[in-house]
Structures are given as structure tokens and as C-alpha cells.
Amino acid sequence: MKKLVLLLIVLSIAHVSFAQNDQKAKNLLNEVSQKIKSYDNIQIEFRYSLKNNKENINQETRGDVTLKKEQYVLNLMGTTMLFDGTNLHTIVPEDEEVTISKPSSDEDDTITPSKMLTFYEKGYTYKWDIIQDVSGRKIQYIRLNPIASNTEIKDILLGIDSQTKHIYKLIQRQANGTEITITVNSFKTNQPLPNSLFKFDSVKYKNYYINKLD
């Protein structure tokens, strides 16, 4: 779960120097960024997979996330993460536990759900890559390389639907041979959302252990 938070959280453009970036890639990413930021809210259903052939690891699951500005609700691997803009509530029904925390200053560069569609704005160079036909959809890939030399990320392939300018797939390769893939199955925008969606209701979890971190 934490690895996805570090990726996503590992699927939120441009403060980096463009000197070493492909102009076509830059233009397409700018189009994606403008499109994403024009929506009031976004709901995504996705498939998440993690593979490492050397370690004989092959995991796959599904999840969903609702985003509105900095607020989000992420459901994945039996855990719900709710961020109301101030506090992060990590809800684990299996353990009947809720952990309440605040984002720390050292997480400013972390790819959290609220940044999952525009994380590439900072810290990467990018190049035009292959195009694939997926059921009649043209998916253009941009290869992102981290600027920092001390990161575990080797590179990221970002697949963008050429027509909708929405992100379709994210493939992250790590130096240790791990490959994490996020594939968007459903992408909805400007949905009617209840005002309570991003608010933590303690009444629903009265039998849970509430762990408040400073």
C-alpha cells in the first residue's frame, strides 16, 4: 500500500528545466495537465500490478480513487485512505483501526493520490516514445526519467490517450527489477459528489481503535 502511495502513492506540469526534454513530449504533457486541471473532480477505477521475476513476485488487484483538488478517497487492498485537505485518515477494516496523521514537510515530493495525474510536473525529464493501438484507441507513451540520482525509480512510461488526453497507463520500472503498472479502466469527471465524501465520520468507526499521530 505504501509503495503505491509513493508511486501514485505510483498514476497528480512544468517546473523542471525543459532544456533536455523532447518538445513534442512537453506539448502533450501540457495538454494533459490543462485538461486534468479543468475538471472539478475525477473518479478513476484502475488495475494495479506489481511484478519482480527475480523475486518471483506477481501481484494484481483493483482499486478506485476520487479526487477533488487536494482532497481524495483511495480504496485499495482492503484499505481506505481519506484526505480532507488537512488530515489523512487511513482506515483498515481488517484490523478495525484508523490512523489519523498530517502530511509532513518531507513528503512534498511524494507522489500522493492528489498528485497522481500531474506528478510529472516536477523532477523528471521526458522523451517521446512508442504508440500503441488499444481496442482502437491510440495510446502515446512518454518516457520519464528522474532527475535525482538517488531514487529507486529507473524510469516511467506514461501512456496517454491521444484523443481524450487522459492518462491510460503508468508503468514504473525500478532498479531492483520491480515493475509496477497502473491501468485506468474507468475515468469519469465532474460527477455529483456528496459534501460528506471527504469528511471522516467517526460514528461509522466507533468500535475501531483510533490512532492519532502528532
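Keep in mind that what you see is a predicted model, and the values were worked out from it rather than measured.

Reading the values: rules and limits
- Residues numbered from 1 in each chain as written.
- Predicted model: local features only at pLDDT ≥ 70, side-chain atom pairs only at ≥ 80, totals over all residues.
- Heavy atoms only, no water.
- Helix = DSSP H or I, 4+ residues; strand = E, 2+ residues; numbered from the N terminus.
- Areas by Shrake-Rupley, 256 points an atom, 1.4 Å probe, with all protein chains shown as cover.
- Pairing = 2+ DSSP bridges.
- Axes fitted to C-alpha atoms, helices over the stretch in contact; angles between N-to-C directions.
- Contact = heavy atoms within 4.5 Å.
- Salt bridge = Lys/Arg side-chain N within 4 Å of Asp/Glu carboxyl O.
- Buried < 20%, exposed > 50% of the residue type's maximum accessible area, 1.4 Å probe, protein only.
- Polar contact = N/O pair within 3.5 Å; in protein donor to acceptor, adjacent residues only side chain to side chain.
- Expected span 1.5 Å × (residues − 1).
- Arc of directions from axis to C-beta.
- Phe/Tyr/Trp six-rings, centres within 6.5 Å; stacked < 30°, edge-to-face > 60°.
- pLDDT = per-residue confidence, 0-100.

Q: A description of the overall build of the protein should follow, citing residues and the corresponding values.
A: When helices and strands are counted, the protein shows two helices and twelve strands. Reading the protein from its N terminus to its C terminus gives the helix and strand order α-α-β-β-β-β-β-β-β-β-β-β-β-β. Working note: accessible area of the protein is about 12000 Å², and carbon and sulfur atoms make up 44% of it.

Q: Which residues make up the sheet that holds strand β5 (residues 88-92), and what values go with them?
A: Ordered in space as β7-β8-β9-β10-β11-β1-β2-β3-β4-β5-β6-β12, the twelve strands form an open sheet in which the pairing is mixed. With one partner strand each, in any of the chains shown, β7 (124-134) and β12 (209-212) form the two edges of the open sheet. The average angle at which neighbouring strand axes cross in this sheet is 15°, direction not considered. Judged from the ten bridges that link them, strand β1 (residues 42-52) and strand β11 (residues 179-189) form a sheet pairing that is antiparallel. Bridge pairing in β11 links Gln43 to Lys188. Each of β1, β7, β8 (137-146), β9 (153-161), β10 (167-174) and β11 touches helix α2 (residues 23-37); the most contacted strand, β7, lies at about 80° to it.

Q: Which residues make up the pattern of salt bridges, and what values do they have?
A: Evaluation of the coordinates by the stated rule reveals eight salt bridges. With a shortest N-O distance of 3.0 Å, Asp155 and Arg143 are connected by a salt bridge. Residue Asp155 is found in strand β9, and its partner Arg143 is found in strand β8; the two are separated by twelve residues along the sequence. The exposure class of Asp155 is buried, given its relative accessible area of 4%. If you follow the salt bridges from partner to partner, you end up with Asp129, Arg143, Asp155 and Arg173 in one network.

Q: Describe the side chain of Gln140, listing the residues and the values that go with them.
A: Within the fold, Gln140 resides in strand β8. Among the residues examined, Gln140 registers a relative accessible area of 5% and is labelled buried. Among the polar contacts made by the side chain of Gln140, one reaches the main-chain carbonyl oxygen of Asp129 at a distance of 2.8 Å. Polar contacts involving the side chain of Gln140 include one to the main-chain carbonyl oxygen of Ile130, which spans 3.2 Å.

Q: So what about α2? Which residues, and what values?
A: In a regular helix each residue adds 1.5 Å, so 15 residues correspond to 21 Å; α2 covers 21 Å between its end C-alpha atoms and thus fits that length. Along α2, the residues that are buried comprise Ala25, Lys26, Leu28, Leu29, Val32, Ser33 and Ile36. End-on, the buried residues of α2 take up no more than an arc of 165°, which puts them together on one face. Where α2 is buried, its residues meet β1, β7, β8, β9, β10 and β11. The backbone nitrogen of Lys24 has a side-chain oxygen 2.8 Å away, supplied by the residue at the start of α2, namely Asp22.

Q: Could you give me a rundown of the packing of aromatic side chains, with the residues and numbers involved?
A: Enumeration over the complete set of coordinates arrives at three aromatic pairs. With a centroid separation of 5.4 Å and an interplanar angle of 5°, the aromatic rings of Phe200 and Tyr205 are classed as stacked. Each residue in the set Phe200, Tyr205 and Tyr208 is aromatic and connected to the rest through ring pairs, giving one cluster.

Q: Before we move on, could you go through the confidence of the model for the protein and cite the residues and values that matter?
A: For the protein, the mean per-residue pLDDT works out to 84, and 82% of the residues sit at or above 70. Note on residues 9-20: pLDDT is under 50 here. Beyond four places in sequence and across chains, it has 53 contacts. When the criterion is pLDDT under 50, residues 106-110 qualifies, and its contacts beyond four places in sequence or with other chains add up to six contacts.

Q: Got a sec to walk through unusual backbone geometry? Specific residues and values, please.
A: Here the phi dihedral of Met77 falls at roughly 55°; this positive angle occurs in a residue that is not glycine. Even without a glycine there, the phi angle at Lys165 is positive, about 65°. Using a relative accessible area of 16% as the deciding quantity, one classes Lys165 as buried.

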